[in-house]
Amino acid sequence: MLSSRLIYKLKSPLLALKNRPKILYTTFSSSKSSKLVQDDVKARQEKLEEERIRAELTSMEKKQSQNWILEPYVKLMRLNKLAPFWLVYWPGAWGILGAASYLNTHPDFYMLALFGIGGLAMRTAGCIVNDIWDKNYDNKVERTKDRPLASGQIAIPAALGLLGLNLSVALSTLLQLNLTTQVLGACCLFPVAIYPAAKRFTNWPQAVLGATFSWGALMGWSAIVCSNLPQDANILSFLPAVVLYFGCMNWTLFYDTIYAFQDIKFDKKLGLKSSAMAIEKRPVRWLMGFSSLCITNLALFGWMTGQEPIYYMSLGLAAAHFVKQMAFVNLKSPESCAKQFRSNNTLGAIVTFGLLASLLIK
């Protein structure tokens, strides 16, 4: 009897120790389960909050789109992206300022403003023509699938009406210029119309675009020179303008080839052509060639128009900007191509500053 009690007393602590892990495990499991429930509740609350915020933002966007019914028309005219407008404007401004220096007169700020209005009208008209031509291609390209005509937000008749309005504005500015410049302006309509079709037939549609975008150089020069020189002197006096024109063409080939690399994969699938495809194997050499020809022509233009040293300093900065673009652009990245494309407005402003400063120093 005594021995059995003694055995029981010895076993009791051992049994307690044996059962303790179960008690601890039960307590731990209970606390773990409670924590999981709390985390689950917290995650659901966060998810509900995110959904509420998303719904609120969606509602705000709908209200904005309902209030801004002209948004598709703004996008069609690219008024929400003005960087290309300046690229159209700079050659005309260079022609005006270079002509003033050639004639040793003051800068004509009224003419600069007039060319700004006309350039914006022609740029928007060109965008509308391009989107009409490419309506059935744009909806297959990631970058352009949301354009108003491609996405069906605007019908063709409405786009044609908007085209007529922009051409009317361009015509009203053109009629304020001399006869030679009016003829040049009318001739510009041809390259504007054929550019969208060029990418279907040639690997160099950017050359057609260069001929179009650079036309302002001839018109800007004509607007000043042909209003101040006798008619028999006009032909020879156009030689500096021709040099400037080819310089601007090479500049356009440079930046729009970089731009074309954004869509090179989609263009190949759709059977469209571009200078990006033509120089795909050796892009750096070609870009160096375009930029070198541009700077060379601008330097020759400066010599022919009697520019001051500050102009050539600006050309040095422009050349450095070309090098910067070639060094930093990633032709396989659409974002990088778009960034370097937009940066060419800095180059345009640098050259414009050099021409204006040179003119004011004289």
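**So, the overall build of the protein**
Along its length, the protein carries 18 helices and zero strands. Within the protein, the proportion of its 362 residues that are buried is 44%. Accessible surface for the protein amounts to roughly 20300 Å². Of this, 65% is attributable to carbon and sulfur atoms.

**Things to note about a nonpolar patch on the surface**
On the surface, Ile69, Leu70 and Tyr73 cluster together into a nonpolar patch covering about 290 Å² of accessible area. Its location among the elements puts tyrosine 73 in helix H2 (residues 71-76). By relative accessible area, tyrosine 73 is classed as partly exposed at 31%.

**Notes on helix H10 (residues 215-225)**
Judged by how many residues are buried, H10 sits mostly within the fold: eleven of eleven residues are covered. What H10 keeps buried is the set Trp215, Gly216, Ala217, Leu218, Met219, Gly220, Trp221, Ser222, Ala223, Ile224 and Val225.

**Some points on the environment of lysine 199**
Topologically, lysine 199 is positioned in the loop between helix H8 (189-198) and helix H9 (205-213). Spatially, the C-alpha atoms of lysine 199 and serine 275 are 9.2 Å apart, while their sequence positions differ by 76 residues. Look past the residues within four positions of lysine 199 in its chain and what remains in contact with it is Asn130, Asp134, Pro205, Leu272 and Lys273.

**A few points about the packing of aromatic side chains**
Where two aromatic rings form a pair, the distance of their centres and the angle of their planes describe that pair. A full pass over the atoms with the stated rule returns 18 aromatic pairs. Note on tyrosine 102 and tryptophan 221: the rings are 5.1 Å apart at their centroids and 50° apart in plane angle, and the pair reads as tilted. In this pair, tyrosine 102 is assigned in helix H3 (residues 83-102) and tryptophan 221 in helix H10, connecting sequence segments 119 residues apart. Classification of tyrosine 102 as partly exposed rests on a relative accessible area of 33%. Centre to centre, the rings of tyrosine 255 and phenylalanine 341 are 5.7 Å apart; their planes meet at 65°, and the pair counts as edge-to-face.

**What about the environment of alanine 121?**
Within the secondary structure layout, alanine 121 lies in helix H4 (residues 109-133). Overall, the relative accessible area of 4% leaves alanine 121 in the buried class. Along the sequence, alanine 121 and serine 168 sit 47 residues apart, while their C-alpha atoms lie 8.5 Å from each other. In this structure, alanine 121 is in contact with Asn166, Val169 and Ala170, ignoring residues within four places of it in sequence.

**Some words on the confidence of the model for the protein**
Looking at the protein as a whole, its pLDDT mean stands at 82, while 80% of the residues score no less than 70. Segment residues 1-11 is flagged for pLDDT under 50; beyond a separation of four residues in sequence, or across chains, it makes zero contacts in the model. pLDDT under 50 marks residues 52-67. Its contacts with residues more than four places away, or in other chains, come to zero contacts.

**A look at the packing of H3 against H4**
Direction vectors running N to C along H3 and H4 enclose 145°, while the axes themselves pass 9 Å from each other. Between H3 and H4 lies a crossing of right-handed hand. Each of Pro84, Phe85, Val88, Tyr89, Gly92, Ala93, Ile96 and Leu97 in H3 lies in contact with H4, whose residues at this interface are Met111, Leu112, Phe115, Gly116, Gly119, Leu120 and Arg123. Looking at the contact of H3 with H4, its residues break down into eleven nonpolar, three polar and one charged.

**Brief notes about the pattern of salt bridges**
In the structure shown here, the tally under the stated rule is four salt bridges. The partner of lysine 75 in a salt bridge is glutamate 71, and the shortest N-O contact between them spans 3.5 Å. Of the two residues, lysine 75 and glutamate 71 both sit in helix H2, four residues apart, roughly one turn of that helix. A residue is classified by how much of its surface remains accessible, and lysine 75, at 32% relative accessible area, is partly exposed.

**What about the packing of H10 against helix H12 (residues 239-260)?**
Put simply, H10 and H12 touch, their axes get as near as 8 Å, and they point 155° apart. One way to sum up the angle between H10 and H12 is to call them roughly antiparallel. Between H10 and H12 lies a crossing of right-handed hand. Where H10 approaches H12, its residues Trp215, Ala217, Leu218 and Trp221 are matched on the opposing element by Pro240, Ala241, Val242, Leu244, Tyr245 and Cys248. Here the contact of H10 with H12 is composed, by residue class, of ten nonpolar, no polar and no charged.

**Structural notes on the nonpolar core**
Side chains of a nonpolar character, in soluble globular proteins, are inclined to be buried together. Ranked by internal contacts, the top residues of the largest apolar core, which has 72 residues, are Trp94, Met111, Phe115, Trp251, Phe254, Leu298 and Val351. Element by element, the count of residues in this core is highest for H12, at twelve residues. Setting aside its immediate chain neighbours within four residues, leucine 298 contacts Trp94, Leu244, Tyr311, Leu315 and Val351. Core analysis: the next-biggest nonpolar cluster, separate from the first, contains ten residues, Leu76, Ile128, Ala159 and Leu163 among them.

**As for the side chain of arginine 147**
The residue arginine 147 is located in the loop between helix H5 (135-138) and helix H6 (156-174) in this model. When sequence neighbours within four positions are dropped, the list of residues in contact with arginine 147 reads Arg78, Asn130, Asp131, Asp138 and Tyr259.

**A word on helix H15 (residues 283-304)**
For H15, spanning 22 residues, the distance from its first C-alpha to its last is 32 Å, which sits close to the expected 32 Å at 1.5 Å a residue. Three or more residues of H15 are buried, namely Pro283, Leu287, Phe290, Ser291, Cys294, Ile295, Asn297, Leu298, Phe301 and Gly302. Taken down its axis, H15 places every buried residue within 160° of arc, on the same side. Facing away from the buried side of H15, by more than 90 degrees, are the exposed residues Arg285, Thr296 and Trp303.

Conventions we followed
- Residues numbered from 1 in each chain as written.
- Predicted model: local features only at pLDDT ≥ 70, side-chain atom pairs only at ≥ 80, totals over all residues.
- Heavy atoms only, no water.
- Helix = DSSP H or I, 4+ residues; strand = E, 2+ residues; numbered from the N terminus.
- Buried < 20%, exposed > 50% of the residue type's maximum accessible area, 1.4 Å probe, protein only.
- Areas by Shrake-Rupley, 256 points an atom, 1.4 Å probe, with all protein chains shown as cover.
- Patch = residues over 30% accessible without salt bridge, like charges linked within 9 Å, V, L, I, M, F, W, Y side chains within 5 Å.
- Salt bridge = Lys/Arg side-chain N within 4 Å of Asp/Glu carboxyl O.
- Contact = heavy atoms within 4.5 Å.
- Phe/Tyr/Trp six-rings, centres within 6.5 Å; stacked < 30°, edge-to-face > 60°.
- pLDDT = per-residue confidence, 0-100.
- Axes fitted to C-alpha atoms, helices over the stretch in contact; angles between N-to-C directions.
- Left-handed = near helix turned anticlockwise from the far one by under 90°.
- Nonpolar A, V, L, I, M, F, W, Y, C, P; charged D, E, K, R; others polar.
- Parallel < 35°, antiparallel > 145°, perpendicular 65-115°, else oblique.
- Core = buried A, V, L, I, M, F, W, Y, C linked by side-chain atoms within 4.5 Å.
- Expected span 1.5 Å × (residues − 1).
- Arc of directions from axis to C-beta.

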